Amino acid sequence: MTHPVAIRFSETDIETLASRAGRIAVLIGAEGKMGPEARRLNRLTKGAVARAVASEAFGKLKSAEALVLGWPTGLEAEALHLVKLDRRAPQEDLRKAGAALGKALGESGVLVLAGNHPRADELAFGLALRAYRFDYHTDEKPVFGAVEVMVGKPEEVAAKAAPHAALAEGVFFTRDLVNEPANILTTDDFAARLAAMQELGLEVEILEEADLEKLGMRALLGVGQGSTSPSKVVVMQWNGGPKGEAPFALVGKGVCFDTGGISIKPATGMEEMTMDMGGAGVVSGVMRTLALRKAKANVVGIVGLVENMPDGNAQRPGDIVKSMKGDTIEVINTDAEGRLVLADVLWYAQERFAPKAMVNLATLTGAVIIALGHENAGLFANDDNLVGDILKAAKAEGEGAWHMPLQPAYDPLIKSRLADIKNTGGRPAGSITAAAFLKRFVKDEVPWCHIDIAGVALPPGETTLAPKGATGWGVLTLDRLIRDKFEG
Ligand code: BES
Ligand code: MN
Ligand code: ZN
């Protein structure tokens, strides 16, 4: 249900501009500097471009913003975007300028006149990310017209754009998974989509309930036992690094729907819990990108896929389950299910792969939204270097991330009278006690970071690079982390 856009880079040809249909975008440099393309458009429009660029409105625009002229005289085009973008504009502005065009993109397509801008590929990347659409409308076909970017050296720009294609595909894979409703994206369907990635060279294994039972994953299995969808753990390996080198591990919460279970959630807004597999979605998108760009690193992605439903067989508040690690857990609230799933998957990842570092992603708590809103994901770690590297990668990719505290002082909040630990610590510091719970299932010697993406996976409105719906937050950050820290 998604409609990717194809982008072509071609040599600049200003002769055909008068007869181009659709939209035309042209870059205007600092202080209103017009290149040959803008000057040609100016002649065709009898000076309208120069007048617009000299206007107060254009002067007031920030970098990456545009003045849009509708149905300009002298052109066939339906709109002319005068985009304020200097040659030295940062990556963020290039993507943002492209995103505005991606948002406006329709059936008639767009021609971008990027001149000899050295990073026109970044603009095209922003355009592609924002042009993403996802819906189940039957009454309209949101097909995109051609997207053509005219540049001085098309081969050079196309070469720079190639890695972005792998990234965009990973981001779209994540967004699709998160946007899919739970009647479509069942645990079976999710696992099948991951198994299909074997075609890309990933090694994919699906552990079924009987396997999980043998491994002793009673914490994970307890969450899924009220659902008719079978619980699964999917292991994806990308071994593009040195043979035998310990992998970097990514672990994701994949709750395909979270009703809360017997501790059922209120009806209002419950439909949003189709996104509760967002952590698993990001892990899957990153693995896809790594395979597509043939990353030179060993990375294992492991997702726990379950559905949290109330039924006669469902887990109850008060139940005590034994985790794969061997620790007993008192289930106070069946709606604090993500940490139960992750406890077993984190332990499995360490026992089987002895990873050199481990990051897990999860739409884990509503409390992280209270703390950080929809601007930042919450980072909780046992290792300052790892969290520093992730913050750096997130900043470079324009994805909000904030380091939250994780200190032993919070541990008493999840002490249980009857078991080794309980699965909720009450309202205070809700996202921290969730992280403290996970920490119990992480070995001290493994550098680890938990990323709570509840606020950023599916924000209430559009973002710069995504329409309303799933953002795919984290794919860019983690791919960059892997590139910077685990490759070469
Ligand atoms: N999946 C939810 C967290 C969530 C809330 C994600 C809002 C996205 C948006 C999680 O399983 C949950 O229900 N957490 C509870 C924990 C509580 C019972 C301790 C919460 O945050 O209320
Ligand atoms: Mn829940
Ligand atoms: Zn949940």
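Scroll up for the structure.
Residues numbered from 1 in each chain as written. Chains lettered and ligands numbered in written order. Predicted model: local features only at pLDDT ≥ 70, side-chain atom pairs only at ≥ 80, totals over all residues. Heavy atoms only, no water.

Caption draft 1: Layout of the sheet that holds strand S16 (residues 421–422). Pairing is mixed in the open sheet, where 3 strands are placed in the order S11-S12-S16. Only two strands of the sheet have a single neighbouring strand rather than two, namely strand S11 (320–322) and S16. Pairing of S11 with strand S12 (residues 328–330) involves 3 bridges; the strand directions are antiparallel. Residue Val321 lies in a different strand from S12, and its bridge partner there is Ile329. (Pairing = 2+ DSSP bridges. Helix = DSSP H or I, 4+ residues; strand = E, 2+ residues; numbered from the N terminus.)

Caption draft 2: Layout of the packing of aromatic side chains. Applying the stated criterion to the full structure yields 4 aromatic pairs. Taking the centre distance of 5.8 Å and the plane angle of 80° together, the rings of Phe134 and Tyr136 count as edge-to-face. For Tyr136, a relative accessible area of 39% translates into the label partly exposed. Plain terms: the ring middles of Phe248 and Phe486 are 4.4 Å apart, the flat faces sit at 15° to each other, and that makes the pair stacked. Of this pair, Phe248 sits in strand S9 (residues 248–258) while Phe486 is found in the segment after helix H15 (475–485), placing the two residues 238 residues apart along the sequence. A relative accessible area of 14% means that Phe486 is categorised as buried. Over the face of the ring belonging to Phe441 we find Lys325, whose NZ or CZ atom lies 5.6 Å from the ring centre. Across from the ring centre of Trp347, 5.1 Å away, lies the NZ or CZ of Lys443, which sits over that ring. (Phe/Tyr/Trp six-rings, centres within 6.5 Å; stacked < 30°, edge-to-face > 60°. Buried < 20%, exposed > 50% of the residue type's maximum accessible area, 1.4 Å probe, protein only. Lys NZ or Arg CZ within 6 Å of the ring centre and 35° of its normal.)

Caption draft 3: Summary view of the pairing of strand S17 (residues 448–452). With 5 of 5 residues buried, S17 lies mostly within the body of the structure. Going residue by residue along S17, you find Trp448, His450 and Asp452 tucked away on one face and Cys449 and Ile451 tucked away on the opposite face as well. One ladder, built from 5 bridges, connects strand S13 (residues 357–362) with S17; its direction is parallel. Residue pairing for S17: Met358 is matched across the bridge by Trp448.

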